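Notes for the structure review
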Amino acid sequence: MSSKSASAWTAARDNWSQATDVNLYAGSPGSNITLNETYNANVTWDGIAYTSRSGGVFLSPANAYLNTRYTNGYTNIKTRGVAAHEIGHTIGLADVNYQTLMAGNTPLRGGIYYPTNDEITGINRLY
């Protein structure tokens, strides 16, 4: 993984852990979330998370990717925002249609790269 992607994932993970009741750790045995990067020019997404639910209950494991086709051209902060957004999906949040970290597309986020009060409240209620 590139140092840019690794740095974005680490900063995003740490932001979620610091802001919420969820503690995310790197490299724990039996990890339930895998954070990666890929290069795919045939898609429009800059980040994606694969998760599953059953009856509204979040199931693990989850996998999230940064698409370096796009993120290589982003600033570090913008890449970190994509990473934080995808981590939000892996821990149970859905896309929204207003300017917040979980906005469904990167331009709508408007540079937000840290969980806002809305996401913090949502995650703390889930956990």
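One structure accompanies this document, and this report is about it. Not measured: the values here are computed from a predicted model. Sequence order as written defines the numbering, with residues in each chain counted from 1. Note on the predicted model: pLDDT of at least 70 is required for a residue's local features to be given, and 80 or more for side-chain atom pairs to be given and counted; whole-chain, interface and lining totals, by contrast, use all residues. Where side-chain values are given, they derive from all heavy atoms of the structure, hydrogens and water being excluded.

**A look at a nonpolar patch on the surface**
Note the threshold: Two distance rules govern patches: like charges are joined within 9 Å, and nonpolar side chains (Val, Leu, Ile, Met, Phe, Trp, Tyr) within 5 Å, applied only to residues with over 30% relative accessible area and no salt bridge. Per-residue and other accessible areas were derived by the Shrake-Rupley procedure at a 1.4 Å probe size, with only the shown protein chains allowed to occlude residues. We define a salt bridge as a side-chain nitrogen of Lys or Arg found within 4 Å of a carboxyl oxygen belonging to Asp or Glu. Here a helix means four or more residues in a row that DSSP labels H or I, a strand means two or more in a row labelled E, and each is numbered from the N terminus.
On the surface, a nonpolar cluster with roughly 240 Å² of combined accessible area is contributed by Ile77, Tyr113 and Tyr114. Of note, tyrosine 113 is situated in the loop between helix 4 (106-109) and helix 5 (117-126).

**Digging into the packing of aromatic side chains**
Geometry of an aromatic ring pair is reported as the spacing of the ring centres plus the angle between the planes. Test applied: Pairing of aromatic side chains requires ring centres within 6.5 Å, counting the rings of Phe and Tyr and the six-membered ring of Trp. Pairs whose planes differ by under 30 degrees are stacked, by over 60 edge-to-face, and all others tilted. Relative accessibility decides the category of a residue: with a 1.4 Å probe and only protein chains considered, values under 20% of the type maximum give buried, values over 50% give exposed, and everything between is partly exposed. Whether a charge sits over a ring comes down to the Lys NZ or Arg CZ being within 6 Å of the ring centre and within 35 degrees of the ring normal.
Evaluated as defined, the whole model comprises one aromatic pair. Between the aromatic rings of tyrosine 50 and tyrosine 65, the centroid separation amounts to 6.1 Å while the plane-to-plane angle is 75°, which identifies the pairing as edge-to-face. With tyrosine 50 in strand 2 (residues 47-54) and tyrosine 65 in strand 3 (residues 57-67), this pair connects stretches of sequence that are 15 residues apart. We classify tyrosine 65 as partly exposed; its relative accessible area is 25%. Seen from the ring of tyrosine 70, arginine 69 lies directly overhead, with NZ or CZ sitting 5.1 Å from the centre. Over the ring of tyrosine 74 we find lysine 78, and its NZ or CZ is 4.2 Å from the ring centre.

Everything listed here is a matter of geometry and, on its own, says nothing about what the molecule does.
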